[in-house]
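# Breakdown of the fold
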Amino acid sequence: MSRPASAERWHATACILCSRNCGIEVQLAEGHLTRIRGDAGHPLSEGYLCQKAARLDHYQNHADRLSSPLRRSPDGSYEAISWEVAVCEIADRLLTIRHAHGGRALAYYGGGGQGNHLGGVYGRGLVEAMRTRYHYSALAQEKTGDFWVNGRLFGRQTCHVAEAVEQAEVVVLMGTNPWQAHGIRNARDTLRAISQDPARTLIVVDPRRTESAAMANVHLGRRGTSGPG
Ligand code: SF4
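The rules we used
- Residues numbered from 1 in each chain as written.
- Predicted model: local features only at pLDDT ≥ 70, side-chain atom pairs only at ≥ 80, totals over all residues.
- Heavy atoms only, no water.
- Helix = DSSP H or I, 4+ residues; strand = E, 2+ residues; numbered from the N terminus.
- Buried < 20%, exposed > 50% of the residue type's maximum accessible area, 1.4 Å probe, protein only.
- Contact = heavy atoms within 4.5 Å.
- Salt bridge = Lys/Arg side-chain N within 4 Å of Asp/Glu carboxyl O.
- Expected span 1.5 Å × (residues − 1).
- Pairing = 2+ DSSP bridges.
- Axes fitted to C-alpha atoms, helices over the stretch in contact; angles between N-to-C directions.
- Near = heavy atom within 4 Å.
- 1 Å grid on protein atoms, 1.4 Å probe; cavity = no way out; pocket = protein on both sides within 12 Å on 5 of 7 lines; lining within 4 Å.
- Sits in = over half its atoms within 2 Å of the grid points.
- Nonpolar A, V, L, I, M, F, W, Y, C, P; charged D, E, K, R; others polar.

On to the environment of Leu-202. By the element assignment, Leu-202 lies in strand E9 (residues 201–205). Judged by its relative accessible area of 0%, Leu-202 is buried. In this structure the C-alpha to C-alpha distance between Leu-202 and Ala-162, which are 40 residues apart in sequence, comes to 18 Å. Discounting chain neighbours no more than four positions away, the residues touching Leu-202 are Val-171, Leu-173, Leu-191, Ile-194, Ser-195, Ser-212, Met-215, Ala-216, Asn-217 and Val-218.

Here is the structure:
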């Protein structure tokens, strides 16, 4: 049996655009993701693919994506520079600040977040080199409520669990539209399954009649928009 040409081989990988990390399979050619599909063999996502992962090649290769670091010139224009020059100049400036004012004058933002923690590997080294105690990430913005609830439920804010939405009998969504945003396992399949099961209830609290609100068993919206989906 002849092996498929390289461009037609499916490579198993994972989507890192959100915390679900769905299993996906991709075909590659000349730096492009030419075909993308859900990985049916993945134990959690089981072949699920959302609209964000379907557009991975756009995010990877769109025309406005920077292909090298840019340095701002005094006249406000930008010039392309090499990574080596960029890293050396940034390191020099950070060291100048640290020597003059100490690590407390510096703060680090980034180093991974929802589903993509690759930056964290480099971030930890940078934080130590900067000798700063200030470290911020997307978790500080999105997850403080989660950690607070963990503290109330389990006695420790660091005991982190993911909601088992797909197994719940009653699901309340407040101001969120997983049909588009995802963030829960196999979001569209899960929402459909809950709303169509007479033994389960999907409640959406949202002034907008989003896709999730429209399929809810109960939608609490603005006066005049509530009612069954
Ligand atoms: S839900 Fe969508 S964005 Fe999130 S990991 Fe899965 S395919 Fe990627």
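Now that the structure has been shown, we can carry on.
Next up on the list: the pattern of salt bridges. A pair can form between side chains of opposite charge whenever their charged atoms are brought close. Taken as a whole and judged by the stated rule, the model has six salt bridges. Linking Arg-185 and Glu-46 is a salt bridge whose minimum nitrogen-to-oxygen distance equals 3.7 Å. With Arg-185 in the loop between helix H7 (178–181) and helix H8 (187–196) and Glu-46 in the loop between strand E3 (32–38) and helix H1 (51–54), this residue pair connects regions lying 139 residues apart in the sequence. Taking relative accessible area as the criterion, Arg-185 reaches 22% and is therefore assigned partly exposed. Note that Asp-189 is salt-bridged to Arg-192, the shortest N-O span being 3.3 Å. Residue Asp-189 and its partner Arg-192 are located together in helix H8, separated by three residues, close to a single helical turn. A relative accessible area of 39% places Asp-189 in the partly exposed class. Through salt bridges with shared partners, a single network forms among Glu-46, Glu-166 and Arg-185.

Moving on, we get to helix H4 (residues 118–130). The first and last C-alpha atoms of H4 sit 19 Å apart over 13 residues, in line with the 18 Å expected at 1.5 Å per residue. Within H4 the residues assigned to the buried category are Gly-120, Gly-123, Val-127 and Met-130. Packing partners of the buried residues in H4 comprise helix H3 (83–101), strand E6 (107–109) and strand E7 (134–136). Backbone geometry just downstream of H4 places Arg-131 in the positive-phi region, at approximately 55 degrees.

The strand order across the open sheet formed by three strands is E8-E9-E10, and the pairing between neighbours is parallel. This sheet does not close on itself; its edge strands, each paired only once, are strand E8 (170–174) and strand E10 (218–220). Ignoring which end each strand starts from, the neighbouring axes of this sheet average 15 degrees apart. Pairing of E9 with E10 involves three bridges; the strand directions are parallel. Residue Val-204 lies in a different strand from E10, and its bridge partner there is His-219.

Quick look at the environment of Ala-91 now. Tracing the backbone shows Ala-91 in helix H3. According to the relative accessible area criterion, Ala-91 is partly exposed, its value standing at 35%. Taking the C-alpha atoms as reference points, Ala-91 and Met-130, 39 residues apart in sequence, are found 9.5 Å from one another.

Let us now look at the site of the ligand. Near the ligand, the surroundings consist of Cys-15, Leu-17, Cys-18, Asn-21, Cys-22, Cys-50, Lys-52, Ala-53 and His-182. Because more than half of its atoms lie within 2 Å of the grid, the ligand is assigned to the largest cavity. Residue composition of the shell around the ligand, grouped by class: six nonpolar, two polar and one charged.

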